[in-house]
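Listed here are the chains, written in short residue letters.
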Amino acid sequence: MTAPYHPPRKYSVRIEGHRTSISLEPVFWDMLIATAQREDVPVNALVARIDAERIRAETPPGLASAIRVWLVTHGT
């Protein structure tokens with residue numbers, strides 16, 4: 001696992017065929033990869049699922065924030 005105190009990096013993902021980038025600290029990216037592997041789904045599919053959940057929220061956060069919150073509440 002990457003050192004926990006590292007500035008965010010940009011990562012490219014595809015959501016429903018559209019490319020986008022997200023800025024995440026490497027520790028969250030590592031958690032996202034580990035969760036996708038554990039659930040046996042591609043990272044893009046997991047990000048799309050998190051994105052769909054965040055869009056339904058009363059006050060939708062940005063995608064990177066939604067990923068961080070999702071990982072803390074559902075992930076590892």
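Residues numbered from 1 in each chain as written. Predicted model: local features only at pLDDT ≥ 70, side-chain atom pairs only at ≥ 80, totals over all residues. Heavy atoms only, no water.

Let's shift gears to the overall build of the protein chain. Counting secondary structure elements, the protein chain contains three helices and two strands. The order of α-helices and β-strands along the protein chain, N terminus first, is β-β-α-α-α. Rg of the C-alpha trace for the protein chain: 12 Å, near the compact-globule value of 11 Å for 76 residues, within the 12% margin. Principal-axis analysis of the C-alpha atoms places the extent of the protein chain at approximately 30 × 25 × 25 Å. Going through the 76 residues of the protein chain one by one, you find that 36% of them count as buried. Here the protein chain displays about 4,900 Å² of accessible surface, and carbon together with sulfur accounts for 55% of that area. Side chains of the protein chain carry 9 positive and 8 negative charges; the gap between the two charge centres is 6 Å. (Helix = DSSP H or I, 4+ residues; strand = E, 2+ residues; numbered from the N terminus. Rg over C-alpha atoms; globule rule 2.2 N^0.38 Å. Buried < 20%, exposed > 50% of the residue type's maximum accessible area, 1.4 Å probe, protein only. Areas by Shrake-Rupley, 256 points an atom, 1.4 Å probe, with all protein chains shown as cover. Lys, Arg positive; Asp, Glu negative; His and termini not counted. Charge placed at Lys NZ, Arg CZ, Asp CG, Glu CD.)

Let's shift gears to the pairing of strand 2 (residues 18-24). Across seven bridges, strand 1 (residues 9-15) lies against strand 2 in antiparallel orientation. Residue Lys10 lies in a different strand from strand 2, and its bridge partner there is Ser23. Linkage of strand 1 to strand 2, two consecutive antiparallel strands, is achieved through a turn of two residues, within which Glu16 is found at a positive phi near 50 degrees. (Pairing = 2+ DSSP bridges.)

Time to look at the packing of aromatic side chains. Counting across every chain of the model gives one aromatic pair. Judged by centre distance (4.2 Å) and plane angle (5 degrees), the rings of Tyr11 and Trp29 are stacked. One end of the pair, Tyr11, is in strand 1; the other, Trp29, is in helix 1 (residues 26-39), and 18 residues separate them in sequence. Considered together, Tyr11 and Trp29 belong to a single accessibility category, that of buried residues. Sitting over the face of the ring of Phe28, Arg68 holds its NZ or CZ atom 5.9 Å from the ring centroid. (Phe/Tyr/Trp six-rings, centres within 6.5 Å; stacked < 30°, edge-to-face > 60°. Lys NZ or Arg CZ within 6 Å of the ring centre and 35° of its normal.)

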